[in-house]
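Reading the structure
Chain by chain, the residues run as shown.
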Amino acid sequence: MSDGGSVIAETAGGSLLPLAVLVPAAGMLISFLLGGRRAERIALGLMPVQFGVSMAIAGFVWRSGEPLVYVLGGYLPPLGIALRADGFSAVMLVTASLIMPAAGLYARANFATPPGATERRGPLVVWALMQAVQAALSLIFLGGDLFNLYVALELLTFAAVPLVCLDGSPETLAAALRYLMFALFGALFYLLGAALLYGAYGTLDIVLLSQRVRAEPAVWVAAGLMTAGLLAKTALFPLHLWLPPAHANAPAAASAVLSGLVVKGSFFLIVRLWFNVLQSLPTAVPGTVLAALGSAAILAGSALALRQERLKLMIAYSTVAQIGYLFLMFPLASGPWAPEAFSGGVMQTISHAFGKAAMFLSAGLIAESLGHDQIAGLGGAGRAMPVTFLALGLGGLSLMGLPPSGGFAAKWLLMKASIEAGQWVWALVMLGGGLLAGGYLYRALAPALSGERPIMKRAPKRGSEVVALALALAAVVLAFAPPAFFAFLQIGRPAASVALR
Amino acid sequence: MTSATLAGLVGAALVGLGLYGVIVDPQPLRKILAFNLIGSGVFLVFGIVARKGAAAGLQSDPVPQAMVITGIVVAFAASALAVALTLRLFEQTGRATVRPDVEAKAPGAGADSE
């Protein structure tokens, strides 16, 4: 790595970074002013713009092979705030800018304001909040200052919590309140950790901190507090209790965003913390603790998913399990296998985002068409709505880690890294988790493919089915990611440049 | 004992008290108050950090003070959202608890929490 000064200098294309935050943020504010009918048009119209900005950022990172940097207002850190985009940020930006419009197109069916009808609160809130989630996620993926990231984290929470209780029923209100409690707990712990780091080193800029941090008590306490806080927001076992009711009772489009993207926001910060800020610390012990919690999440989440009566709850518990896989990359973070483990973790993040969004949208269609989402009542539904169940099944491929799917690529990379590192325990957990995932998906899919005649309330909407299928296919296509994609993910990974030195 | 140490201990005590309330008390309103207690503790720690002037040997570092102001705004917004949700929950069920094992009852059936 070069000296601190040049790391913080602004790079070509850096001025795109604030746009990724400003486009959805401006859209949210304008939507809120202009009301429900126009909000839908603004949200759906700006989503392609956001995708364009994200792709342009990815293009600049790809061409330069270095992280993009933008310094807000020209004030250099430690006093000013920098935005940075490395390979992981760019990939997450693009993923978010693809899943958000998919959820938006799906939400059109339920949250449209037809011409002539009076405007209702629901649609206005949905379109404004989806853009707020997008803005907060962009800020999380690009933020280079730990306090700025705290604000982004809180923005994400405030946008995500109301999405849970859109219909205002008592169970969704209770779920949203519980979610908020866990999130507030997490945010305050994160903030306390940030205060300790500032007290010790006088800066919260990620790059400057990474050069100054040494293994001393204040840093370990800060790291522990921040990690615990972020784990509560990411819903890693045993802090997962809020997730299943919140994700399973939200409207389908909101569930897809919450499960696919929102939990990845706080996970992204855990990666930033351990891989960037604390890169010079010996991370074997904390990494093993995180992976042990992840393993517990995989086994407990999958076992609980097996026991659910409702399809959406089953998918929500499978999110608890799949979040566990994300944490298996931490004990493998140093050594020759580190690039593989990192790529595996990132691949799991994005393939789960696409696969889980597809599954929640499919589950929403199933619940609308059948009038319920009881797994016991799915008999023969696969014949009545084949495209929906195809999307559900293809999304499930990724969860099980069967080829061809992004989930397979992710789990293969993680498993290879863990065997090369001699930490075969994680490989065993992944195999067990895959088998359990196969079990709960079989429970849902097998009756659906039987010869029974289901009682359909109405046929699923073709457009929504296509959206769910497109997301599921995206999760499958990730299996064919070329080696250049994995090289792209390594751009800006600190340990990568240390290894090259 | 210097005033900074005393303030640090008070901050730690506030965080501890708040954490106890958050974990033990099932009533959302008490939990929200407990969160604010933790928040006050954290802001106090920021205040000490400002006194320390770790950044540039200043007598008083303004950056943590700016952070505390932002933090207070965020904490206020969070409390408002939590209170609004609690009120809606109470209006709908006559009960305000986040314990999943307590079934929602009709309004007036269990008015033990206000």
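If you're wondering where the values come from, they're calculated on a predicted model, not measured in any experiment.

**Details of the overall build of chain B**
Regarding its fold elements, chain B presents 3 helices and 0 strands. Across chain B, helices and strands are ordered from the amino to the carboxyl terminus as α-α-α. Within chain B, the fraction of its 114 residues that count as buried is 35%.

**Digging into the overall build of chain A**
Of regular secondary structure, chain A possesses 21 helices and 2 strands. The C-alpha atoms of chain A give 22 Å as radius of gyration, which agrees with the globular expectation for 501 residues (23 Å, within 12%). In terms of overall dimensions, chain A has a C-alpha envelope of 70 × 55 × 40 Å along the principal axes. Look at the contacts in chain A between residues 6 or more apart in sequence, and 81% of them connect residues 24 or more apart.

**A few points about the pairing of strand β1 (residues 68-71) of chain A**
Residues and elements named next belong to chain A. Burial along β1 is two-sided: the residues L68 and Y70 and V69 and V71 are all buried. Summarising the sheet, β1 and strand β2 (residues 82-85) pair through 4 bridges and their orientation is antiparallel. When the bridges of β2 are listed, V69 appears paired with R84.

**With respect to the environment of A:W220**
Mapped onto the secondary structure, A:W220 falls in helix α9 (residues 217-234). Sequence separation between A:W220 and A:H372 is 152 residues, and the spatial gap between their C-alpha atoms is 48 Å.

**Some details on the nonpolar core**
Membership of the largest hydrophobic core comes to 243 residues, with the highest contact counts inside it found for A:I57, A:I99, A:V257 and A:L471. Every residue in contact with A:I99, bar those within four places of it in the chain, is listed here: A:V257, A:G260, A:L261, A:A353, A:F354, A:A357 and A:L471.

**A closer look at the packing of helix α12 (residues 284-306) of chain A against helix α18 (residues 424-448) of chain A**
All names here are of chain A. For the pair α12 and α18, the least separation of the axes is 9 Å and the interaxial angle reads 20°. Accordingly, the angle class assigned to the pair α12 and α18 is roughly parallel. The two elements α12 and α18 meet at a crossing, and its hand is left-handed. For the pair α12 and α18, the contacting residues are A291, S295, I298, L299, S302, A303, A305 and L306 in the first and W426, V429, G432, G433, L436, A437, G439, Y440 and R443 in the second. Taken together, the residues of the contact of α12 with α18 sort by class into 11 nonpolar, 5 polar and 1 charged.

**Quick look at the environment of A:A363**
All names here are of chain A. With respect to the element layout, A363 can be found in helix α14 (residues 338-370). Residue A363 is classed as buried on the basis of its C-beta count, with 28 C-beta atoms lying within 10 Å. When the C-alpha positions of A363 and I315 are compared, they lie 8.5 Å apart, and in sequence the two are 48 residues distant. Those residues in contact with A363, other than ones at most four positions away along the chain, are A252, L311, K312, I315 and D373.

**Things to note about helix α2 (residues 16-34) of chain A**
All names here are of chain A. Between its first and last C-alpha, α2 extends 27 Å over 19 residues, near the 27 Å set by a 1.5 Å rise per residue. Along α2, the helix axis deviates most sharply at L22, where the bend reaches about 30°; the proline P24 sits within four residues downstream. Within α2 the residues assigned to the buried category are L16, L17, A20, V21, V23, P24, G27, M28 and S31. Tucked into the core, α2 has its buried residues touching α3 (36-64), β1, β2, α4 (87-111) and α5 (121-142). The positive-phi residue at the C-terminal boundary of α2 is G35, with phi of around 95°.

**Description of the interface of chain A and chain B**
Many authors give the size of an interface as the accessible area that is lost as the parts come together. Every contact between the two is made by 26 residues of chain A and, on the other side, 32 residues of chain B. Where the side of chain A that touches chain B is concerned, the elements lending two or more residues are α6 (146-164) and α7 (170-201) of chain A. Per-element tally for the side of chain A that touches chain B: the top contributor is α7(A), with 17 residues. Its residues assigned to classes, the side of chain A that touches chain B comprises 20 nonpolar, 3 polar and 3 charged.

**Re the confidence of the model for chain A**
All names here are of chain A. When the pLDDT values of chain A are averaged, the result is 89; 97% of them are 70 or greater. The model gives residues 1-6 a pLDDT under 50, and that stretch makes 6 contacts with residues more than four places away or in other chains. When the criterion is pLDDT under 50, residues 497-501 qualifies, and its contacts beyond four places in sequence or with other chains add up to 1 contact.

**Observations regarding helix α19 (residues 462-477) of chain A**
Residue and element names in this part refer to chain A. The end-to-end C-alpha separation of α19 is 22 Å, in line with the 22 Å expected for 16 residues at 1.5 Å each. Among the residues of α19, S464, E465, V467, A468, L469, L471, A472, A474, A475 and V476 are the ones counted as buried. Buried-residue contacts for α19 involve α4, α14, α16 (386-400) and α17 (406-420).

**A closer look at the environment of A:G407**
Residue and element names in this part refer to chain A. As for its placement among the helices and strands, G407 is situated in helix α17. Placed 71 residues apart in sequence, G407 and L478 show a C-alpha to C-alpha distance of 8.3 Å. Residues in contact with G407, not counting those within four places in the same chain, are S351, G355, L397, S398, L399, M400 and G401.

**Overview of unusual backbone geometry**
Residues and elements named next belong to chain A. The omega angle of the peptide bond from F237 to P238 is 5°, so this bond is cis rather than trans. Among the structural elements, P238 can be located in the loop between α9 and α10 (243-249). Between P403 and P404 the backbone carries a cis peptide bond, its omega angle lying at -5°.

**As for the confidence of the model for chain B**
In this model, chain B carries a mean pLDDT of 80, and residues with pLDDT of at least 70 account for 78%. Note on the complex model: pTM 0.91, ipTM 0.86.

Conventions adopted
- Residues numbered from 1 in each chain as written.
- Chains lettered and ligands numbered in written order.
- Predicted model: local features only at pLDDT ≥ 70, side-chain atom pairs only at ≥ 80, totals over all residues.
- Helix = DSSP H or I, 4+ residues; strand = E, 2+ residues; numbered from the N terminus.
- Buried ≥ 20, exposed ≤ 12 C-beta atoms within 10 Å, placed from the backbone.
- Rg over C-alpha atoms; globule rule 2.2 N^0.38 Å.
- Contact = placed C-beta atoms within 7 Å.
- Pairing = 2+ DSSP bridges.
- Core = buried A, V, L, I, M, F, W, Y, C linked by C-beta atoms within 7 Å.
- Axes fitted to C-alpha atoms, helices over the stretch in contact; angles between N-to-C directions.
- Parallel < 35°, antiparallel > 145°, perpendicular 65-115°, else oblique.
- Left-handed = near helix turned anticlockwise from the far one by under 90°.
- Nonpolar A, V, L, I, M, F, W, Y, C, P; charged D, E, K, R; others polar.
- Expected span 1.5 Å × (residues − 1).
- Bend = angle between axes of the 7 residues up to and from the residue.
- pLDDT = per-residue confidence, 0-100.

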